[in-house]
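Examination of the molecular architecture
For reference, the chains in residue letters:
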Amino acid sequence: MPIELPYAADAEESLSFDDFEVLRLQYQKELAQSHVTVQTTFNYAWGLVKSPTREHQVEGVRLLQEIYRAEPSRRRECLYYLALGHYKMGNYEEARRLNALLLDKEPSNLQAQSLASLIDQRVTREGYIGMAIVGGVAALSTLALAAIVRRASRK
């Protein structure tokens, strides 16, 4: 019996508006004071990545990348949310690459295992959609060509 991995719930759940506002206001308050802590930045980036809004996700990934570069001790926790952010934005190859880095360091990380499964499912689904589109275009092209040949043969 396969093990259910419920840990990547972050992939589909957003924060409430009120919870997000708390994070945003704290970040802006510290920004105005010219001293934003790493924890405040991380919390705000986490909230942005969880957002359904692409602009928020892009900004969240940008902030997480800054933390990843500047704070080696925070890299492990940034990797998961960077992978999640890229997954939510549809950058599946980058999400897969970042998640694989985390799994290399922590092979038993259930959150990362679950996210890997979600990434694989989405890539497979999008592959099927792509094949259906290509198949549809090929079918329409064949029909159009057949109509042109039929008209040409009548003349």
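Scroll up a little and you will see the structure.
Remember, it's a predicted structure, so these values are computed and weren't measured experimentally.

What counts, and at which threshold
Residues numbered from 1 in each chain as written. Predicted model: local features only at pLDDT ≥ 70, side-chain atom pairs only at ≥ 80, totals over all residues. Heavy atoms only, no water. Salt bridge = Lys/Arg side-chain N within 4 Å of Asp/Glu carboxyl O. Helix = DSSP H or I, 4+ residues; strand = E, 2+ residues; numbered from the N terminus. Buried < 20%, exposed > 50% of the residue type's maximum accessible area, 1.4 Å probe, protein only. Axes fitted to C-alpha atoms, helices over the stretch in contact; angles between N-to-C directions. Parallel < 35°, antiparallel > 145°, perpendicular 65-115°, else oblique. Left-handed = near helix turned anticlockwise from the far one by under 90°. Contact = heavy atoms within 4.5 Å. Nonpolar A, V, L, I, M, F, W, Y, C, P; charged D, E, K, R; others polar. Polar contact = N/O pair within 3.5 Å; in protein donor to acceptor, adjacent residues only side chain to side chain. Phe/Tyr/Trp six-rings, centres within 6.5 Å; stacked < 30°, edge-to-face > 60°. Lys NZ or Arg CZ within 6 Å of the ring centre and 35° of its normal. Expected span 1.5 Å × (residues − 1).

1. Concerning the pattern of salt bridges
- Per the counting criterion, the structure on display carries eight salt bridges.
- E59 serves as the salt-bridge partner of R62, at 2.5 Å between the closest nitrogen and oxygen. Taken together, the positions of R62 and E59, both in helix α3 (residues 54–70) and three residues apart, correspond to about one turn of that helix.
- Residue classification places E59 among the partly exposed positions, given a relative accessible area of 25%.
- Of the charged contacts, one joins D120 and R96 as a salt bridge, the two residues approaching to 2.7 Å between their closest N and O atoms.

2. Focus: unusual backbone geometry
- In this structure, S34 is a non-glycine residue whose phi angle is positive, near 60 degrees.
- Residue position: S34 is located in the loop between α1 (17–32) and α2 (38–50).
- By relative accessible area, S34 is classed as exposed at 66%.

3. Notes on the packing of helix α4 (residues 75–89) against helix α5 (residues 92–105)
- Relative to each other, α4 and α5 sit at 155 degrees, their axes nearing to 8 Å. On the basis of their axis angle, the class for α4 and α5 is roughly antiparallel. Pair α4 / α5 crosses with left-handed handedness. The segment α4 lies against α5, with R76, L79, Y80, L82, A83, H86 and Y87 engaging Y92, E94, A95, L98, N99, L101, L102 and K105.
- Residues belonging to the contact of α4 with α5 are distributed by class as follows: ten nonpolar, two polar and three charged.

4. Focus: the environment of T40
- As for its placement among the helices and strands, T40 is situated in helix α2.
- Taking the C-alpha atoms as reference points, T40 and Q26, separated by 14 residues in sequence, lie 7.1 Å from one another.
- A distance of 2.8 Å separates the side chain of T40 from the side chain of E30, its partner in a polar contact.

5. Thoughts on the packing of aromatic side chains
- Applying the stated criterion across every chain, the model contains five aromatic pairs.
- Ring centres 4.9 Å apart and planes at 85 degrees place the aromatic pair Y80 and Y81 in the edge-to-face group.
- A cation over an aromatic ring shows up here: R74 above the ring of F42, its NZ or CZ 5.4 Å from the ring centre.

6. Some thoughts on α1
- Over its 16 residues, α1 runs 22 Å from end to end, which matches the ideal 22 Å to within 8%, given 1.5 Å per residue.
- Listed as buried for α1 are F20, E21, L23, Y27 and E30.
- Elements in contact with the buried residues of α1: α2 and α3.
- Where α1 ends, the next residue or the one after it, S34, has phi of about 60 degrees, a positive value.

7. A word on the packing of α2 against α3
- Interhelical geometry of α2 versus α3 gives an angle of 150 degrees and a closest axis separation of 7 Å. Taken together, α2 and α3 sit at an angle that is classed as roughly antiparallel. When the axes of α2 and α3 are compared, the crossing they make is left-handed. Across the interface between the two elements, V38, T41, F42, Y44, A45, L48 and V49 from α2 touch H56, Q57, E59, G60, V61, L63, L64 and I67 from α3.
- Tallied by class, the residues present in the contact of α2 with α3 amount to ten nonpolar, four polar and one charged.

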